[in-house]
Amino acid sequence: MIFKPKDMRSQVRSLMKDGLGDVTVKHMVECDDLPNIRFLGEMTLPAGASIGDHTHATETEYYIITDGIGVVNDNGKDEHVSRGDVIVTGGGATHRIKNAGTTPLVIIAFIVTGQ
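Residues numbered from 1 in each chain as written. Predicted model: local features only at pLDDT ≥ 70, side-chain atom pairs only at ≥ 80, totals over all residues. Heavy atoms only, no water.

Side note on the sheet that holds strand β3 (residues 37–45)
The strands making up a sheet associate through hydrogen bonds between their backbones, and the pairing can be parallel or antiparallel.
Inference 1: If you walk across this open sheet you meet the six strands as β1-β2-β3-β10-β5-β8, and the pairing is antiparallel. Only two strands of the sheet have a single neighbouring strand rather than two, namely β1 (9–14) and β8 (86–89). In this sheet, adjacent strand axes meet at a mean angle of 25° when their direction is disregarded.
Inference 2: As judged from the eight bridges shared by strand β5 (residues 59–67) and strand β10 (residues 105–113), these two strands associate in the antiparallel manner. Bridging from a neighbouring strand, Ile-65 pairs with Ile-107 of β10. (Pairing = 2+ DSSP bridges. Helix = DSSP H or I, 4+ residues; strand = E, 2+ residues; numbered from the N terminus. Axes fitted to C-alpha atoms, helices over the stretch in contact; angles between N-to-C directions.)

Here it is, written out as structure tokens:
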């Protein structure tokens with residue numbers, strides 16, 4: 001399967017997971033096309049925006065930072081992240097992320113179910 005950018009759906013989510021500001025979400029794949037994937041997309045957080053605390057009990061979420069700098073709270077511990085870093089959250093862990101820079105924080109994210 002090949003998914004073309006012209007076919008990708010985008011949306012703006014305000015206060016995502018009780019975070020701050022607006023997050024632009026580009027759905028790179030509609031997940032009913034892929035088994036065991038609940039979400040695959042690109043999220044762009046402008047300066048000061050965040051995605052609030054949320055838990056992954058029966059799934060694993062992967063963040064790949066492609067641009068910008070941020071602070072991720074991974075199960076209660078703050079860590080600085082930047083381009084090339086990968087964050088893995090699953091097994092009942094909780095995380096949140098905030099853009100800590102002045103340029104957009106861009107993340108490729110995907111959620112694998114049944115884990």
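From this point, the narrative continues.
Things to note about the nonpolar core
Across soluble globular proteins, nonpolar side chains have a tendency to be buried as a group.
Inference 1: Residues Met-43, Leu-45, Ile-51, Tyr-63, Ile-97 and Ile-107 are the most contacted members of the largest nonpolar core, which totals 18 residues.
Inference 2: Going through the elements one at a time, β2 (22–27), β3, β5 and β10 are the ones with two or more residues in this core.
Inference 3: Here the element with the most residues in this core is β10; it accounts for four residues.
Inference 4: Each residue touching Tyr-63, except ones within four places of it in the same chain, is listed here: Met-43, Ile-51, His-54, Asp-85, Val-86, Ile-87, His-95, Ile-97, Ile-107, Ile-108 and Ala-109. (Core = buried A, V, L, I, M, F, W, Y, C linked by side-chain atoms within 4.5 Å. Buried < 20%, exposed > 50% of the residue type's maximum accessible area, 1.4 Å probe, protein only. Contact = heavy atoms within 4.5 Å.)

Comments concerning the environment of Ile-97
Inference 1: Tracing the chain through its elements places Ile-97 in strand β9 (residues 93–99).
Inference 2: Residue classification places Ile-97 among the buried positions, given a relative accessible area of 1%.
Inference 3: Along the backbone, Ile-97 and Tyr-63 are 34 residues apart, and their C-alpha atoms lie at a distance of 9.9 Å.
Inference 4: In contact with Ile-97, other than residues within four places in its own chain, are Leu-45, Ser-50, Ile-51, Tyr-63, Ile-65, Val-71, Val-72, Val-81, Leu-105 and Ile-107.

Such coordinate-based values are descriptive only and should not be taken to indicate function.
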